[in-house]
Amino acid sequence: MAERLIQASRQRRAKAMTAAAGLAGQAAVPLLLCALLAPSGAYVLDDSDGLGREFDGIGAVSGGGATSRLLVNYPEPYRSEILDYLFKPNFGASLHILKVEIGGDGQTTDGTEPSHMHYALDENYFRGYEWWLMKEAKKRNPNITLIGLPWSFPGWLGKGFNWPYVNLQLTAYYIVTWIVGSKHYHDLDIDYIGIWNERAFDINYIKVLRRMLNHQGLQHVKIIASDNLWEPISASMLLDPELLKVIDVIGAHYPGTLTVKDARLTKKKLWSSEDFSTVNGDVGAGCWGRILNQNYINGYMTSTIAWNLVASYYQQLPYGRCGLMTAQEPWSGHYVVEAPIWVSAHTTQFTQPGWYYLKTVGHLERGGSYVALTDGLGNLTIIVETMSHKHSKCIRPLLPYFNVSHQFATFDLKGSFSEIPELQVWYTKLGKPPERFLFKQLDSLWLLDSGGSFTLELQEDELFTLTTLTSGRKGSFPSPPKSQRFPSVYEDNFNIDYPFFSEAPNFADQTGVFEYYVNMEDPGDHRFTLRQVLNQRPITWAADAFNTISVIGDYTWSNLTVKCDVYIETPEKGGVFIAGRVNKGGILIRSARGVFFWIFANGTYRVTGDLAGWIIYSLGHADVTAKKWYTLTLTLNGRSSSGKLNGKTLWKNISVNFPGNGWAAIGTHSFEFAQFDNFRVEASH
C-alpha cells in the first residue's frame with residue numbers, strides 16, 4: 001500500500017513539476033522546502049502521545065431570524081447553484097452542520113419565521129422554508145448534521161405570560177412534535193436540539209425534554225445547552241448530576257475563542273454554537289479564518305457554527321450581509337460567492353466530523369496559528385492561518401491587540417505521519433488584487449527527501465491547507481446575472497392554488513405571519529389572498545411591534561404609489577394599513593418610521609408617521625366596516641402624500657419630511673386576522 005502511495009505521488013510530482021515551470025514567474029506564493037533559511041519557529045506534528053479531541057464539524061445557521069427568506073424564490077438554476085456552494089461536498093463551503101430556527105412566530109433578528117403550531121390544536125409541517133432547506137442540504141450531503149433551536153414560541157404556550165416555561169410538559173411536547181414532524185413529513189432526522197436561544201434555561205425543562213424524547217424513541221437526538229454564555233449552564237451541570245447526564249454538548253455564543261474552567265470540568269463536548277455574524281468582506285473572512293482555528297486552540301471547541309448561512313434578506317435590515325455568502329436578489333438571480341465560503345473550504349473540504357485534532361496544535365511565534373487533524377487511517381490535514389488583528393475583527397467580542405509578521409515556519413511530521421510522501425497545498429491570501437487569492441491549489445509538497453519536514457514562508461492574512469486528501473476542488477458555475485434593483489412596478493394577486501411555500505415571494509414579515517390563504521366561501525375575486533394569521537402575541541425573543549407588518553421592495557424607494565385590497569376580519573376593534581418609506585425592520589421594527597395609511601372597523605381612518613401610531617398626520621371618518629373588501633391607495637411624491645379609499649380621495653396634501661425613503665408594507669393594527677389581495681406598487685427612486 002505504501003509503495004503504491006509513493007508511486008502515485010511520484011507520478012503527480014512529475015506532472016506538478018511540469019506545471020510548475022509555467023508558474024515559476026508567479027512568485028506571489030513561495031513555498032520553501034529550503035532548510036537553509038533560518039525559520040522563526042519549528043513545530044512538531046505528532047500522534048505518538050495520542051490524539052486531541054474529536055472534531056464535530058463546521059456549520060452555519062439559517063434563521064434567528066428569517067435570514068434565508070429571499071433564497072426560496074430564486075429562479076433555477078441559480079437557487080441550486082447557491083445551495084451547491086453551501087452544501088455540496090468538495091465544491092464550496094461543504095458545510096458539515098446545518099442549524100435551523102424552529103419558527104416560533106416572533107421577530108428573531110431580520111424577520112419572523114412561522115411556527116408549525118400557531119394555535120394549540122394546529123399542526124402544519126409545511127410552513128416556512130427550513131424543512132425545505134434541510135432537505136436540500138441532505139440531498140447534497142446525506143451525512144450533514146441537523147440542529148434545531150427555538151428563538152421565539154407561539155403565544156399559547158405561555159398561557160398569558162411571555163415565558164416558555166409556564167408548562168414544561170407542553171413546551172417539551174411542542175418541540176418534540178417539530179422533531180417527529182420533521183421525520184414523518186420530510187424524512188429528516190434531527191441530530192441535536194437546543195433549549196432557548198440566548199435566553200434563560202430551566203433545569204427542569206431540560207430534564208423533561210430528555211425524558212419526552214426518550215419516551216418517543218428519540219434517544220439519538222442529543223441536547224445542546226444553553227446557546228448563550230458558558231455560565232451559568234456549566235456550573236449548573238457540575239452541581240446537578242442528572243443535568244450533567246442529559247446535556248451532550250455545551251454550546252456558547254461568540255466566545256472570543258475562549259472557554260471557562262467549569263465548562264472544561266464537565267468533560268462534555270464544547271462548541272461555539274453561534275459565531276461570526278460579521279459582514280462577509282475580507283475582514284469577515286479573516287474573522288472566520290482566525291476563529292475556525294483558534295476556537296479549538298484556545299478554547300477546546302470542536303465545532304464552530306456561523307450566523308448566518310446565507311445573507312438572503314433585505315440588506316438594510318439589521319446585520320446586512322452577515323452570511324457566508326450573499327443572495328439577496330431573487331428578482332434578478334444575482335448572488336455573490338463571498339470570501340468566507342472559501343475560508344470555510346480550507347477546513348471543511350479536508351476534514352469530517354469524527355476526525356480528531358492532534359494534541360500538537362498551537363500559535364505561531366510571530367502571530368497566527370495552526371491546527372492539524374487526522375482520520376486515524378493515515379490521512380492528515382494541517383490548516384495554518386496568519387490573520388492580522390486589523391483584518392480579522394469579528395463583530396463581537398472585542399479582540400485584544402496582537403501582532404502578526406512575516407515569518408518562516410518549519411513543520412516536522414512525526415509518529416505515524418513521518419512516512420507521508422506528499423501533501424496537497426491550498427492557499428488563500430486576503431487583501432487587494434492582484435495579491436488576493438481565494439482557495440487556490442498550488443504545487444504539492446514532496447516530503448520523501450526531506451525526512452517529513454517542510455518550511456512555509458508566511459505573510460499576513462494568509463491561509464494554507466496542507467493535506468493528504470486529493471479530493472479538494474474549487475467549484476464554480478458561469479457568472480450569475482448582473483445585480484438589478486427591485487422592479488419599480490411590482491404586483492401580486494396571490495392567485496396560487498397549491499403554493500410550494502406558505503409565504504408570498506419577497507414579503508418579509510417583521511411582526512406577525514402572513515400566509516397564502518384560500519377563502520372557501522368566496523367564489524369571486526378574493527378566493528386567493530394573503531392573510532395575517534396570528535391572533536395573539538408570541539412569546540417574544542426581541543421587541544416585536546404591537547402591530548403586525550410585512551415589508552417589501554427597494555429601501556431606496558422615495559416616490560411611490562402603493563395599492564392593495566384589504567379585508568378586516570375583526571369587528572369594531574380591527575384595523576389594517578398600507579405604508580411607504582418604512583425605514584426600519586428586524587429587531588428595530590417597533591421604532592419604524594414611514595407613512596402609514598390605516599382604516600379601522602369602527603369607521604375611521606388615520607395617517608401616521610410611525611408604525612406605533614404616535615405621530616398622527618391626519619385622522620377622520622371613513623365609510624369602513626369589518627368583513628368587507630376595500631381598496632386602499634397611498635401616494636408619496638416628494639414631501640407630499642395622499643390617500644384614496646376605493647378610488648376616491650380620502651386625504652391629500654399631507655406634508656411628510658421624514659423619512660425620505662424606505663420599503664413598502666402591509667399590516668394590521670394588532671395581532672388579528674386580516675386579508676390582503678391585489679397588491680401593487682409603482683415606484684421611482
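For the structure, see preceding data.
Nothing here was measured: the structure is a model prediction, and the numbers come from that model. (Residues numbered from 1 in each chain as written. Predicted model: local features only at pLDDT ≥ 70, side-chain atom pairs only at ≥ 80, totals over all residues. Heavy atoms only, no water.)

Engineer: Mind showing me how you'd approach the packing of helix α3 (residues 130-140) against helix α4 (residues 168-186) here?
Structural biologist: Two measures define how a pair of helices packs: the angle their axes make with one another and the distance between the axes. Packing of α3 against α4 leaves a shortest axis separation of 12 Å and a crossing angle of 60°. Here α4 runs oblique to α3, going by the angle between their axes. When you trace α3 past α4, the crossing you get is right-handed. In this structure, α3 uses Trp131, Met134 and Lys135 to contact α4, whose residues at the interface are Trp178, Ser182 and His186. Residue composition of the contact of α3 with α4, by class: three nonpolar, two polar and one charged. (Axes fitted to C-alpha atoms, helices over the stretch in contact; angles between N-to-C directions. Helix = DSSP H or I, 4+ residues; strand = E, 2+ residues; numbered from the N terminus. Parallel < 35°, antiparallel > 145°, perpendicular 65-115°, else oblique. Left-handed = near helix turned anticlockwise from the far one by under 90°. Contact = heavy atoms within 4.5 Å. Nonpolar A, V, L, I, M, F, W, Y, C, P; charged D, E, K, R; others polar.)

Engineer: Would you mind going over α3 with me for this structure?
Structural biologist: An α-helical turn contains 3.6 residues, so any two residues separated by three or four positions project in the same direction. Counting buried positions along α3 gives eight out of 11 residues, so the element sits mostly inside the fold. Taken together, the buried positions of α3 are occupied by Glu130, Trp131, Trp132, Leu133, Met134, Glu136, Ala137 and Arg140. (Buried < 20%, exposed > 50% of the residue type's maximum accessible area, 1.4 Å probe, protein only.)

Engineer: What am I meant to see in the packing of aromatic side chains here?
Structural biologist: Each aromatic ring pair is summarised here by two numbers: the centre-to-centre distance and the angle between the ring planes. On inspection of all chains with the given rule, the structure shows 49 aromatic pairs. Their ring planes at 80° and their centres at 5.7 Å tell us that phenylalanine 126 and tyrosine 185 sit as a pair that is edge-to-face. With phenylalanine 126 in the loop between β5 (97-102) and α3 and tyrosine 185 in helix α4, this residue pair connects regions lying 59 residues apart in the sequence. We classify phenylalanine 126 as partly exposed; its relative accessible area is 49%. Owing to a relative accessible area of 41%, tyrosine 185 belongs among the partly exposed residues under this scheme. Aromatic side chains phenylalanine 486 and tryptophan 557 sit 5.5 Å apart centroid to centroid with 85° between the ring planes, which places their arrangement in the edge-to-face category. Taken together, the positions of phenylalanine 486 in the loop between β22 (462-467) and β23 (489-492) and tryptophan 557 in the loop between β27 (548-552) and β28 (559-568) put the pair 71 residues apart, joining distant regions of the chain. What links up through ring pairs into an aromatic cluster is the set Tyr85, Phe91, Tyr335, Trp342, Phe350, Trp426, Phe439 and Phe477. (Phe/Tyr/Trp six-rings, centres within 6.5 Å; stacked < 30°, edge-to-face > 60°.)

Engineer: Looking at this structure, I do not really get the pairing of strand β36 (residues 663-668). What am I missing?
Structural biologist: Burial of β36 is extensive: six of the six residues sit out of reach of the surface. Alternating residues of β36 divide into Trp663, Ala665 and Gly667 and Ala664, Ile666 and Thr668, and every residue in both groups is buried. Where β27 and β36 come together, five bridges link them in antiparallel fashion. Directly across from isoleucine 552, in β36, lies its bridge partner alanine 664. Of the strand pairs in this sheet, strand β29 (residues 575-582) and β36 are connected by five bridges, and their pairing is antiparallel. By the bridge assignment for β36, phenylalanine 577 is matched with glycine 667. (Pairing = 2+ DSSP bridges.)

Engineer: For this particular structure, what's the right way to read the state of the cysteines?
Structural biologist: Throughout this description, disulfide means a covalent bond between two cysteine sulfur atoms. On inspection of all chains with the given rule, the structure shows one disulfide. Across the disulfide from cysteine 287 sits cysteine 394; the S-S distance is 2.1 Å. Judged by the sign of its S-S torsion, about 100°, the bond between cysteine 287 and cysteine 394 is right-handed. With cysteine 287 in helix α9 (residues 282-299) and cysteine 394 in the loop between β17 (380-385) and β18 (407-413), the pair connects residues that are 107 residues apart, well separated along the chain. When sorted by exposure, cysteine 287 lands in the same class as cysteine 394, which is buried. A disulfide-free cysteine, cysteine 322 has its sulfur positioned 9.7 Å from the sulfur of cysteine 287, the nearest such atom. (Disulfide = S-S within 2.5 Å.)

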